[in-house]
Amino acid sequence: VNFTYIEFRAFYNCSSFHGSLVVPENVVSIEFSAFNGCSGFNGSLSLPSMLESLKENAFNGCSGFVGTLIIFQFIKEIGKSCFLSTNFSKVVSN
């Protein structure tokens, strides 16, 4: 499957995810509240190196994410409350 964005509320309040999330490299935008409230994650979040946009509340409430979050140089937008209530130990811009 070749998609370039993750839609508005695509996985909103989904509790059946477990472990880490690796967003595919071809994704350039994660829309509003795409993963908002997804409580089942308990690992890392890997964002694609060509990601340009993280919309408002994209990962709000995903409290199970841990470790270091790397945000790459092509990012143009990080929406309000995008990572609110997450538990990353460090955020690095690369």
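Right above here is the structure, for reference.
What counts, and at which threshold
Throughout, a residue's number is its position along its own chain's written sequence, starting from 1. Local features in a predicted model are, by the rule used here, given only for residues with pLDDT of at least 70; side-chain atom pairs are given and counted only at 80 or more, and totals for whole chains, interfaces and linings are based on all residues. Side-chain descriptors were evaluated using all non-hydrogen atoms of the structure, hydrogens and water having been removed beforehand. Elements are defined by DSSP. Helices are runs of H or I of four residues or more, strands are runs of E of two residues or more, and each kind is numbered from the N terminus. The quantity called the radius of gyration is restricted to C-alpha atoms. Its globule counterpart is 2.2 Å times the number of residues to the power 0.38. Should any heavy atoms of two residues lie within 4.5 Å, those residues are considered in contact. All accessible-area figures derive from a Shrake-Rupley calculation using a 1.4 Å probe, and residue coverage is judged against the displayed protein chains alone. His is not counted here, nor are the chain ends, while Lys and Arg score as positive and Asp and Glu score as negative. Charge positions come from single atoms, namely NZ of Lys, CZ of Arg, CG of Asp or CD of Glu. Planes of paired rings set the category: under 30 degrees apart is stacked, over 60 is edge-to-face and the rest tilted, where pairs are Phe, Tyr or Trp rings (Trp by its six-membered ring) whose centres lie within 6.5 Å. Under the scheme applied here, a residue whose accessible area is under 20% of the maximum for its type counts as buried, over 50% as exposed, and between as partly exposed, the area being computed with a 1.4 Å probe on protein chains only. Cysteine sulfur pairs qualify as disulfides if the two atoms are within 2.5 Å. Paired strands are those between which DSSP finds at least two bridges. The term nonpolar core refers to a set of buried residues drawn from Ala, Val, Leu, Ile, Met, Phe, Trp, Tyr and Cys, joined through side-chain atoms within 4.5 Å.

Student: Quick rundown of the overall build of the chain? Include the residues and the values.
Tutor: Of the regular secondary structure elements, the chain holds zero helices and eight strands. Each helix and strand of the chain, placed in order from N terminus to C terminus, yields the pattern β-β-β-β-β-β-β-β. The globule rule puts the C-alpha radius of gyration for 94 residues at 12 Å, and the 12 Å found for the chain is close to it. Its C-alpha atoms put the chain at 30 × 25 × 25 Å along the principal axes. In the chain, once contacts between residues fewer than 6 apart in sequence are set aside, the share between residues at least 24 apart is 48%. Total accessible area on the chain is roughly 5100 Å²; 52% of this is exposed by carbon and sulfur atoms. Charged side chains in the chain number 5 positive and 6 negative. The centres of these two groups are separated by 7 Å.

Student: So what about the packing of aromatic side chains? Which residues, and what values?
Tutor: All told, the structure shown has eleven aromatic pairs when counted by the stated rule. Centroid distance Phe 11 to Phe 35: 5.1 Å. Interplanar angle 15 degrees. Geometry classified as stacked. Taken together, the residues Phe 11 in the loop between β1 (5-6) and β2 (19-22) and Phe 35 in the loop between β3 (29-30) and β4 (41-46) connect sequence positions 24 residues apart. Residue classification places Phe 11 among the partly exposed positions, given a relative accessible area of 33%.

Student: With reference to specific residues and values, describe the state of the cysteines.
Tutor: Scanning the entire structure with this criterion turns up zero disulfides. We note that Cys 62 lacks a disulfide partner, and the nearest cysteine sulfur, in Cys 38, lies 4.9 Å from it. Judged by relative accessible area, Cys 62 falls into the buried class, the value being 0%. Cysteine Cys 82 remains unbridged, with the sulfur of Cys 62 as its closest cysteine sulfur at 9.4 Å.

Student: Tell me about the sheet that holds strand β7 (residues 77-78), and name the residues and values.
Tutor: The strand order β1-β3-β5-β7 describes an open sheet built from four strands, whose pairing is parallel. Two strands in the sheet have a free side with no partner beyond their single neighbour: β1 and β7. As judged from the two bridges shared by strand β5 (residues 53-54) and β7, these two strands associate in the parallel manner. Bridging across to β7, Ser 53 finds its partner in Glu 77.

Student: Describe in detail the nonpolar core, supporting the description with residues and values.
Tutor: Among the nonpolar cores identified, the biggest contains 23 residues, and Ile 30, Phe 35, Leu 45, Leu 47, Phe 59 and Phe 83 are the most heavily contacted of them. Elements with a minimum of two residues in this core: β4 and β6 (68-71). Setting aside residues up to four positions removed in sequence, Leu 47 forms contacts with Val 23, Ile 30, Leu 54, Phe 59, Leu 69, Ile 70, Ile 71, Phe 72 and Phe 83.

Student: Provide a residue-level description of the environment of Ser 33, including the pertinent values.
Tutor: By secondary structure assignment, the location of Ser 33 is in the loop between β3 and β4. Overall, Ser 33 belongs to the buried group, its relative accessible area being 9%. Sequence separation of Ser 33 and Tyr 12 is 21 residues, and the distance between their C-alpha atoms is 6.4 Å.

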